[in-house]
Each structure stands twice: as C-alpha cells, then as structure tokens.
Amino acid sequence: MMESLKAQGIKTIFGYPGGSIMPVYDALFDYTRGEKKAFDHILVRHEQGAIHAAQGFARVSGEVGTVIVTSGPGVANTLTGLADAMIDSTPVVVIAGQVGVGVLGTDAFQELDLMTVAQPICKWVYQIRRPEDIPWAVSKAYYLAKSGRPGPVVLDFPKNAQTSKCDYVPETVNFVRSYIPSPRPKQEKLQKAAELINNAKRPLALVGQGVELAGAHEELKTFLEKANIPAGRTMLGLSALASNHPLNMGMLGMHGNYAPNIKQQEADVVIAIGMRFSDRVTGNLATYLKQAKVIHLDIDHAEINKNVQTDVAIVADCKESLPMLTALINEADHSEWIESFKPLRDKEQEKVVNKALHPTEGPLLMGEVANAVAEATKGMGVTVTDVGQNQLFSTRYSKYNTPRSIITSGGLGTMGFGLPAAIGATFGEKNRPVFAFMGDGGLQMTIQELGTIMEYHCPVKMVLMNNNFLGNVRQWQNMFFQKRYAFTHMLNPNYEEICSAYKIPYLKVKDRKDLPAAVEKALKTDGPFFLETIIMEEDDVMPMTAPGASVNDMMLEKEAN
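Given the structure is predicted, the values throughout are model-derived calculations rather than measurements.

(A) Summary view of the overall build of the protein. Each helix and strand counted, the protein has 24 helices and 18 strands in total. Rg of the C-alpha trace for the protein: 24 Å, near the compact-globule value of 24 Å for 561 residues, within the 12% margin. The proportion of buried residues among the 561 residues of the protein is 59%. Taking as baseline every contact in the protein between residues at least 6 positions apart, the subset at least 24 positions apart corresponds to 77%. Put simply, the protein shows about 22,500 Å² of open surface, and 52% of that area lies on carbon and sulfur atoms.

(B) Focus on the sheet that holds strand 6 (residues 152-158). Read across the sheet, six strands follow the order 2-1-3-4-6-5 without closing on themselves; strand pairing throughout is parallel. The strands lining the two open edges of the sheet, one partner per strand, are strand 2 (40-43) and strand 5 (124-127). On average, each strand axis in the sheet is tilted by 20° relative to the strand beside it, whichever way the strands run. With five bridges connecting them, strand 3 (residues 65-69) and strand 4 (residues 92-98) associate as parallel partners. Each bridged residue has a counterpart across the sheet, and for Ile68 the counterpart in strand 4 is Ile95. Most of the contacts of helix 5 (residues 79-87) go to strand 6, to which it runs at about 145°, and overall it touches strand 4 and strand 6.

(C) Looking closely at unusual backbone geometry. Geometrically, the link from Met542 to Pro543 is a cis peptide bond, its omega value of 0° lying close to zero. Tracing the backbone through its elements, the reader meets Pro543 in the segment after strand 18 (529-534). For Ser89, which is not glycine, the phi dihedral falls at a positive 55°. With respect to the element layout, Ser89 can be found in the loop between helix 5 and strand 4.

(D) Inspection of the sheet that holds strand 14 (residues 406-407) at higher detail. One open sheet accounts for six strands, arranged 14-13-15-16-18-17; its pairing is parallel. Either end of the sheet is taken by a strand with one partner, and the two such strands are strand 14 and strand 17 (506-509). The strands touched by helix 17 (residues 366-377) are strand 15 (434-439), strand 16 (460-466) and strand 18; relative to strand 16, the strand with the most contacts, the crossing angle is about 160°. Contacting strand 15, strand 16, strand 17 and strand 18, helix 24 (residues 515-524) crosses the sheet at an angle of about 160° to strand 18.

(E) Structural context of empty space enclosed by the protein. Enumeration over the complete set of coordinates arrives at two cavities of 30 Å³ or more. The volume enclosed by the largest cavity comes to roughly 70 Å³. Looking at the largest cavity, it is lined by 13 residues, and the ones nearest its centre are Val373, Thr377, Gly381, Thr383 and Lys399. Where the lining of the largest cavity is concerned, the elements lending two or more residues are helix 17, strand 13 (382-385) and strand 15. It is helix 17 that contributes the most residues to the lining of the largest cavity, three residues altogether. Of the residues assigned to the lining of the largest cavity, the class counts are seven nonpolar, five polar and one charged. A volume near 60 Å³ is recorded for the second largest cavity. Lining the second largest cavity, in full, are Arg59, Gln209, Glu212, Leu213, Leu236, Arg404 and Ile406. Of all the elements, helix 10 (residues 209-214) adds the most residues to the lining of the second largest cavity, at three residues. Looking at the lining of the second largest cavity residue by residue, the class counts come to three nonpolar, one polar and three charged.

(F) Geometry of helix 2 (residues 22-30). Turning to helix 2, its buried residues are Val24, Tyr25 and Leu28. Within helix 2, the buried residues cover an arc of 95° as seen down the axis, which keeps them to one side. Residues of helix 2 that are exposed and angled more than 90 degrees away from the buried face: Met22 and Asp26. Contact partners of the buried residues in helix 2: helix 1 (2-7), strand 1 (12-15), strand 2, strand 3, strand 6 and helix 8 (159-163).

(G) Geometry of the packing of aromatic side chains. Summed over the entire model, instances satisfying the criterion amount to 15 aromatic pairs. Arranged with centres 6.1 Å apart and planes meeting at 75°, the rings of Phe277 and Tyr288 form a pair that is edge-to-face. Here Phe277, found in the loop between strand 10 (269-273) and helix 13 (279-282), pairs with Tyr288, found in the loop between helix 13 and strand 11 (293-298); they are 11 residues apart in sequence, far enough to count as distant. Taking the relative accessible area as the measure of exposure, Phe277 reaches 2% and is therefore buried. With a relative accessible area of 3%, Tyr288 lands in the buried category.

(H) Focus on the pairing of strand 6. The element strand 6 is extensively covered by neighbouring structure, given that seven of its seven residues are classed as buried. Side chains Pro152, Val154, Asp156 and Pro158 project from strand 6 onto one buried face, and the interleaved Val153, Leu155 and Phe157 project onto a second face that is buried too. Where strand 4 meets strand 6, seven bridges bridge the pair, whose relative direction is parallel. Its bridge partner lying in strand 6, Gly97 is registered against Phe157. Relative to strand 6, strand 5 runs parallel, the two sharing four bridges. Note on strand 6: the bridge partner recorded for Gln127 is Asp156. Crossover connection from strand 5 via helix 7 (residues 134-146) to parallel strand 6: handedness right-handed.

(I) Up close: helix 7. In this model helix 7 runs 18 Å from its N-terminal to its C-terminal C-alpha over 13 residues, within 8% of the 18 Å that 1.5 Å per residue would give. With 11 of 13 residues buried, helix 7 is to be regarded as a mostly interior element. Contact partners of the buried residues in helix 7: helix 1, strand 3, strand 4, strand 5, strand 6 and helix 8. Downstream of helix 7 by one or two residues, Gly148 has phi in the positive range, about 60°.

What counts, and at which threshold
Residues numbered from 1 in each chain as written. Predicted model: local features only at pLDDT ≥ 70, side-chain atom pairs only at ≥ 80, totals over all residues. Heavy atoms only, no water. Helix = DSSP H or I, 4+ residues; strand = E, 2+ residues; numbered from the N terminus. Rg over C-alpha atoms; globule rule 2.2 N^0.38 Å. Buried < 20%, exposed > 50% of the residue type's maximum accessible area, 1.4 Å probe, protein only. Contact = heavy atoms within 4.5 Å. Areas by Shrake-Rupley, 256 points an atom, 1.4 Å probe, with all protein chains shown as cover. Pairing = 2+ DSSP bridges. Axes fitted to C-alpha atoms, helices over the stretch in contact; angles between N-to-C directions. 1 Å grid on protein atoms, 1.4 Å probe; cavity = no way out; pocket = protein on both sides within 12 Å on 5 of 7 lines; lining within 4 Å. Points joined across faces, edges and corners; volume = space filled by probe spheres on them. Nonpolar A, V, L, I, M, F, W, Y, C, P; charged D, E, K, R; others polar. Arc of directions from axis to C-beta. Phe/Tyr/Trp six-rings, centres within 6.5 Å; stacked < 30°, edge-to-face > 60°. Right-handed = clockwise from strand over helix to strand, strands pointing away. Expected span 1.5 Å × (residues − 1).

Taken by themselves, the reported measurements are silent on function.
Next comes the structure, spelled out in structure tokens:
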C-alpha cells in the first residue's frame with residue numbers, strides 16, 4: 001500500500017488510526033521518517049476533520065486528497081465529507097480499514113457494510129480482498145478520482161489483505177472500459193453554438209467550478225473577450241474569473257448579485273460553462289430562462305437537461321471545448337447590453353452594499369469584516385468558509401484575483417466544513433494566506449480540529465463571525481416564520497480561553513475602528529490566528545431570492561412581515 005501511494009506521487013495524508021487499519025499505520029510509520037520518508041501524515045482529531053481537510057487540500061492544490069481511517073465508526077465519520085465531495089466534484093481517496101474477509105457479515109466489532117453505504121455517494125467503491133490487487137486498486141482509485149468530473153473514491157481494505165504477503169508489482173491504470181472521462185466535443189454542436197452566439201444580441205455566460213477544475217481560466221477569458229460577453233459566476237466558480245475583470249458582472253444565486261440574477265431573465269442566449277444549474281441559481285424552474293436559447297458546456301453528460309432544457313449541449317472538458325468554440329465565434333461589441341447592467345449594479349450598491357460595508361454606527365456587520373480581509377489581502381488570499389450567513393457574506397465580499405481561491409461547501413451545505421478545510425488548504429497552498437470565515441454554530445461542530453492546528457502550527461487565519469445565533473436559519477425564521485426563533489439562539493463558550501488552551505493567538509473585536517488593525521495583526525502573525533468579531537445579532541444577507549420565487553423577483557430589502 002505504501003509503495004502504491006508513492007507511485008501516485010502522494011505527499012500528504014490526513015488520517016486517524018484504529019484497530020482495523022493498524023497494519024497500514026504500522027507501515028506508514030516507516031514512510032514518514034528516515035530514509036524511507038515519502039509522506040507527511042496529519043493526525044486530525046476526528047475523521048470528519050480528515051475528509052474535510054483532504055477536500056480543502058484538493059480544492060486549492062488541484063491534486064487528489066488522501067485519507068486513511070479505520071473501519072466502522074471511523075469511516076462512517078467520513079460519509080458526510082464523501083457526500084460533500086461528490087456533489088462538489090472534489091477528488092479525494094479514502095482508504096478504510098475493514099474486518100477480515102472471514103468475518104464479513106457477522107456484525108464483527110467495528111464492522112460496517114461500507115460497500116453498500118458508500119456506493120451512492122462515491123464515484124467508485126472497491127473492496128481489496130487480496131494483497132496482489134493493491135497496486136491495481138490504488139492506481140484505479142486515483143485515476144477515477146481525478147479524471148473526468150472529479151469525485152470521491154473509497155477503498156475498503158479488509159485486515160487479511162493488509163497482513164497477507166506477496167511481491168509488490170507496480171501497476172498503472174489509465175483506462176477503464178466504458179468509462180470516457182473527457183468526451184471529444186462534437187463539431188456540429190460547436191457550429192450550432194457558435195451560430196447562436198454570433199446572432200445573439202444579449203448573450204450572458206454563467207461560469208461555474210468546471211472552469212476551475214479544468215484549469216481553463218485563460219481559455220474562458222479569451223472566449224468572453226472575443227465576443228464581448230458579460231458573465232455571472234456561481235459560488236464555487238467565483239475565482240474562475242477575476243473579480244476585477246470588466247466582463248465580470250458578479251455572483252449568481254439566491255444571495256448573489258442583483259444585476260446578473262435579473263439579467264438572466266433578459267438574455268437571449270445563455271452559455272452555461274461548467275455549472276450544474278443548482279436550484280440556488282435557478283430559483284423557480286418554471287419561469288427560468290424561458291426567453292433564452294441555452295448552450296451548456298459540461299464534462300458530465302448527466303448534467304445535460306437534468307434541470308434546465310438545453311438547446312445545444314457540448315459535452316467535453318471546457319479546457320478543450322472553449323478554444324474550439326472561440327475559434328468559431330465572431331468578434332462582437334455588446335457594449336449597450338453590458339451597460340444595461342450598470343443601473344442594477346448601482347441600485348444594489350446603494351441599497352445593499354454601502355449599508356453592509358460602510359455602516360456609520362451600531363455593531364459590526366459580517367460584510368464589513370469580510371471586506372476588511374479582502375482589502376488587506378488585495379484579493380490574493382484563499383477564502384475558506386463554513387456554511388450559513390458567514391458563507392454568504394464572505395463569498396459576496398471577498399475578492400478573487402487568483403485561481404482556486406474559494407473553498408466552500410456548495411451543494412451539500414455542510415456546517416463544520418470550514419475549519420478542517422482551511423487546515424487542509426494550508427498544506428495545499430503554502431504561499432498565500434488562508435482565511436477561514438466561520439459562524440459560531442459551524443465552528444463548534446468541528447472545534448476539536450484546533451488541536452490539529454496546535455500540533456502542526458497550521459497558519460490558518462480564523463475569523464469567527466459571532467452573532468450568538470444560527471444566523472441563516474434565524475434570518476429565514478424572521479422572514480418566513482413570523483420571527484419564531486425556534487432553537488436558533490446559542491449560548492457560546494469563552495473562545496479566548498479555548499484558544500489559550502490550544503496555544504493559538506487570539507483577539508476580539510467589537511468596535512469597527514479596531515477592525516483593520518486586527519486583520520493586519522492576523523496577517524502578520526506567524527502561524528495560526530483566531531480573530532473573534534462580535535456581530536450584530538440580526539444582520540441579514542441581502543439581496544435574496546425567496547424560496548420558490550423566480551430569480552427576477554430578487555429582493556434588495558426585506559419585505560415587511
């Protein structure tokens with residue numbers, strides 16, 4: 001197993017030992033020190049922390065994240081992360097211990113039918129029953145995890161296969177029958193798409209994480225600039241196009257920017273690139289894009305017509321299909337169409353952004369905290385978020401001037417994701433500051449990973465937005481449940497004392513005049529830093545498309561109950 005992982009070029013492993021994986025850990029011991037040293041093993045404090053750390057590592061580095069855990073409860077604790085990685089297309093491989101083949105199905109101690117449990121939320125699950133199969137299984141696991149549309153893979157490793165002996169024979173898998181990771185773009189589809197784009201008066205591109213995964217940032221820019229096409233970005237695609245690019249119209253989605261959401265419903269041709277038409281982007285499907293011709297570029301055929309009917313589907317890796325499409329489109333000038341976004345952007349600036357970023361009185365707001373970090377890092381940092389209002393404010397007001405700068409749980413919306421994902425990001429990106437934006441609810445779900453930060457001195461800059469509430473649920477209770485705050489108020493611990501116990505520098509900010517200096521101190525501190533900001537309890541994320549509403553009914557301000 002160690003030699004097979006070496007052959008894959010793996011350098012960093014996140015894990016937690018246990019009874020059914022002890023032979024692997026005994027071998028790993030020799031491969032983390034001395035002449036055999038090949039890996040750095042990061043001992044997390046909970047297996048959920050391992051899988052989220054591997055996700056953060058993979059998202060920022062573009063490599064496959066690797067996790068080793070034990071059987072039963074050990075691997076069960078990774079299931080949330082596996083589901084999260086599946087829906088967000090994150091390449092991770094989990095190697096899990098298992099009871100011996102001879103006692104499978106007997107409810108042996110810490111036995112879990114992992115094959116059945118993990119299959120629906122993974123790209124591939126395989127049980128290694130013989131040591132001879134290890135090199136093949138490991139090679140195939142990493143090939144499947146990173147090729148095509150990336151995703152999670154699990155290797156179930158019974159103890160007898162760990163302890164039996166055989167000669168190590170390297171094996172490389174770079175082909176699987178019936179699996180076509182990157183289909184070739186069809187010329188007739190490219191021609192038809194180009195014809196629609198060349199005749200468009202109001203084209204709009206919807207840019208998703210597929211551009212990031214493909215490394216097609218320059219190809220995207222060339223495409224947009226040639227035909228002068230404005231673009232909106234999904235949350236996971238925020239750093240696919242720089243924040244300051246003149247064709248970037250902002251973030252799509254329920255709490256995205258006003259102009260690109262409204263203008264979707266006016267576009268005559270929509271080019272969706274590496275995005276899956278999530279319900280948080282589309283709003284009510286019955287009214288979505290009914291006026292537009294839809295061109296969908298995606299590597300995964302399963303996404304075509306899944307939610308939105310497509311006029312032209314180009315199933316391929318967008319790093320390949322975008323240049324081919326660009327060669328067929330005409331140079332164009334859509335200045336008048338682009339200019340029509342400006343009044344909507346100005347309206348959002350006046351009614352939402354100025355109030356969120358530049359309040360003159362009252363408690364701190366989440367938007368101004370995120371903006372203070374963006375200003376200090378000049379858009380060059382890595383934004384990692386938990387889930388909730390902290391996620392929505394920090395993604396809205398961060399700046400993205402470098403690829404792979406946003407790490408967040410998009411599809412599954414996993415609270416507790418932020419802290420361990422940020423830990424993993426520090427191992428995948430050592431040259432840029434990593435900021436973890438968290439709410440008090442999400443932080444406490446994986447707060448034990450402060451122990452990992454302490455042990456490895458991970459340079460995570462933690463920004464706690466503390467409003468003593470499960471803020472996003474409270475906002476919905478306020479707007480749609482007659483302010484009946486059912487179990488969303490939280491009594492919080494003393495975070496200063498917790499940080500002291502973990503030997504992590506800590507600072508609390510209540511007054512906005514102290515915020516810039518506090519962020520600067522976090523940036524200049526070597527290693528980790530914990531910045532607690534005391535936020536107005538009823539700080540709401542706006543704009544908002546109400547559940548079930550059309551995207552063109554997006555609200556800039558809360559309606560009176």
